Amino acid sequence: MNIDNSYKIAKEIYAKYGIDTDEAIKKALSIPVSLHCWQIDDLTGFENPDQVLSGGIAAFGNAPGKPKSKEEYFANLSKALELIPGATKVALHAVYLDNKGKHIERDAIEPEHFDFWVDFAKERNIGLDFNPTYFSHEKANSGFTLSSRDKGVRDFWIEHGKRCRKIGAYFGEKLGQQCITNHWIPDGYKDLTIDKVEPRKILAESLDEIFKEKINPDFNIDSVESKLFGLGSESYVTGSHEFYLNYAMNRNNCIVCMDCGHFHPTEVVSAKLSSFIAFNREVMLHVSRPVRWDSDHVALKDDETRAVMLEIVRANAEKLIHIGTDYFDASINRIAATALGARNIRKSILDAYLEPTEALRKMEVEGNFTGRLLLLEEIKNLPSGAVWDKLCMEQQVKCGDWIKDYI
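Rules and cut-offs
- Residues numbered from 1 in each chain as written.
- Predicted model: local features only at pLDDT ≥ 70, side-chain atom pairs only at ≥ 80, totals over all residues.
- Heavy atoms only, no water.
- Buried < 20%, exposed > 50% of the residue type's maximum accessible area, 1.4 Å probe, protein only.
- Helix = DSSP H or I, 4+ residues; strand = E, 2+ residues; numbered from the N terminus.
- Pairing = 2+ DSSP bridges.
- Right-handed = clockwise from strand over helix to strand, strands pointing away.
- Phe/Tyr/Trp six-rings, centres within 6.5 Å; stacked < 30°, edge-to-face > 60°.
- Domains from an automatic or database assignment.
- Contact = heavy atoms within 4.5 Å.
- Buried area = accessible area lost by both parts, 1.4 Å probe.
- Salt bridge = Lys/Arg side-chain N within 4 Å of Asp/Glu carboxyl O.
- Polar contact = N/O pair within 3.5 Å; in protein donor to acceptor, adjacent residues only side chain to side chain.
- Nonpolar A, V, L, I, M, F, W, Y, C, P; charged D, E, K, R; others polar.
- Expected span 1.5 Å × (residues − 1).
- UniProt positions renumbered as here; feature names shortened; annotations may be inferred.

### Description of the pairing of strand β3 (residues 127-131)
Then, in step 1: Counting buried positions along β3 gives five out of five residues, so the element sits mostly inside the fold.
Then, in step 2: Side chains Gly-127, Asp-129 and Asn-131 project from β3 onto one buried face, and the interleaved Leu-128 and Phe-130 project onto a second face that is buried too.
Then, in step 3: In terms of strand pairing, strand β2 (residues 88-93) meets β3 through five bridges, oriented parallel. Within β3, the position partnered with Leu-92 by the bridge is Phe-130.
Then, in step 4: On the question of chirality, the crossover connecting β2 to the parallel β3 by way of helix α4 (residues 115-124) is right-handed.

### A few points about the pairing of β2
Then, in step 1: Burial runs high along β2: six of the six residues are buried.
Then, in step 2: Across the two faces of β2 the burial is the same, with Thr-88, Val-90 and Leu-92 and Lys-89, Ala-91 and His-93 all buried.
Then, in step 3: Across four bridges, strand β1 (residues 33-36) lies against β2 in parallel orientation. By the bridge assignment for β2, Leu-35 is matched with Val-90.
Then, in step 4: For the crossover that starts at β1, traverses helix α3 (residues 70-81) and ends in the parallel β2, the hand is right-handed.

### Quick look at the packing of aromatic side chains
By convention here, two paired aromatic rings are described through the distance between centres and the angle between planes.
Then, in step 1: For the structure shown, the criterion picks out 24 aromatic pairs.
Then, in step 2: When the ring of Phe-46 is compared with that of Phe-74, the centres are 5.9 Å apart and the planes differ by 40°; the resulting orientation is tilted. Here the residue Phe-46 occupies a position in the loop between β1 and α3, and Phe-74 occupies one in helix α3, the gap between them amounting to 28 residues. Per residue, the accessibility class of Phe-46 equals that of Phe-74, and both read buried.
Then, in step 3: Taking the centre distance of 4.9 Å and the plane angle of 55° together, the rings of Phe-74 and Trp-117 count as tilted.

### Structural notes on the domain arrangement of the protein chain
Then, in step 1: Taken domain by domain, the protein chain consists of domain 1 (1-19 + 356-406) and domain 2 (30-354).
Then, in step 2: A C-alpha centroid distance of 31 Å is found between domain 1 and domain 2.
Then, in step 3: Contact residues are listed per partner, giving 17 residues for domain 1 and 20 residues for domain 2.
Then, in step 4: When domain 1 packs against domain 2, the two sides together hide about 1,500 Å² of surface, and 69% of this comes from carbon and sulfur.
Then, in step 5: For domain 1, the biggest contributors to the area lost against domain 2 are Trp-388, Trp-402 and Tyr-406; these three give 42% of the whole.
Then, in step 6: The interface formed by domain 1 and domain 2 includes zero salt bridges.
Then, in step 7: Remark: the boundary between domain 1 and domain 2 carries four residue pairs in polar contact (both at pLDDT 80 or more).
Then, in step 8: Mapped onto the side of domain 1 that touches domain 2, the elements with two or more residues apiece are α11 (357-366) and α13 (384-394).
Then, in step 9: Per-element tally for the side of domain 1 that touches domain 2: the top contributor is α13, with five residues.
Then, in step 10: Here the side of domain 1 that touches domain 2 is built from residues that sort into twelve nonpolar, three polar and two charged.

### As for helix α5 (residues 151-175)
Then, in step 1: Between its first and last C-alpha, α5 extends 36 Å over 25 residues, near the 36 Å set by a 1.5 Å rise per residue.
Then, in step 2: Once α5 finishes, Gly-176 follows within two positions and takes phi at roughly 70°, a positive value.

### Considerations on the side chain of Asn-76
Then, in step 1: As for its placement among the helices and strands, Asn-76 is situated in helix α3.
Then, in step 2: Relative accessible area serves as the criterion here: at 8%, Asn-76 is assigned to the buried category.
Then, in step 3: Other than its neighbours up to four places away in sequence, Asn-76 contacts Ile-40, Gly-65, Pro-67 and Ile-335.

### A few points about the UniProt feature "binding site: Mn(2+)" (unreviewed entry) in the protein chain
Then, in step 1: In this numbering, the UniProt entry assigns the feature "binding site: Mn(2+)" (unreviewed entry) to His-262, Asp-294 and Asp-296. In sequence the annotated residues extend across 35 residues, while in space they remain close, none of their C-alpha pairs exceeding 9.6 Å.
Then, in step 2: Here His-262 is to be found in the loop between β8 (255-259) and α8 (273-277).
Then, in step 3: What makes His-262 buried here is its relative accessible area of 5%.
Then, in step 4: Excluding residues that lie within four positions of it along the chain, His-262 makes contacts with Trp-184, Glu-225, Ser-226, Lys-227, Leu-228 and Asp-294.

See the structure below:
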């Protein structure tokens, strides 16, 4: 049976539940998914291709196929993008600059060093997001950057953050799509920590300085990304969720970024979103798959990924919650991994639009909890795969046969 015939049957089935599958496809394609660029090359970047990651960052595995040149990198990224349907952005780190063979220190980067990314994005009609690279640098070797007690170190990273915001605004202006510049720092202690307050006061002051200049939010907004613990910061992380939540709420100059792998193993981001939505607060998401810890496995179409997308759609919060990917696995093909995670997120978004939410909400309000549970279980068997295949066909993106190139 071909895709059109399968879709016709699926469309009729979903209609019985009050779902317009054509509209679901249209909405699912319109939600931007920001694709991180670092799965392609294990976050090596172009600043120094021989650099070894540090600061709690590690890509495990030695699968063949890691790009050996900038040209090969972009060829591989382009292959991944061809497999991803819907509105897409690419999020890059500051180390993915074009330094034209010269050493450009991170407190001296300029928008011109990223013009080739703007050209790349224009050619593919995609947006760009940005990330300062506060790690893998000699001035991060102490384990502290923006919360360092060393003013010289601190000032270096503050200037880096300022310049990255201007680059983000440059992307937004040139591409006509808002850029989110996301700030994550590795700062913390490996063992027992006596003074947990002072580093956080220093961090708040550093962020105040970075965000002091007003930037048109149509071009750039900033997010701050928390973490519970990391490699080398198992006992204390300066930029915790509680710290950044308080900072963002009190300063109102940035939004919070939540990474699905940056919390306690029993915590889930899907349970946190409604508390932000209730106060009309924007959130940046990094969707990855933690396996017992922040191990940045490729995102699956699993319960949590689906739950996150359901929360967004059920609350009509598509404009508040910004969706991005963040994982890197060097044990598998990097192109396939890049595409798989993004496709699974898009599939989960589609599933959310295929849910008969209004019928479920009505049962909940009326206290019909039996009906709510029965309907939730029954719709699990609906033919969402046929709708996904139709979505891919409309976007001229390969359906299930794309995996033939990798198995």
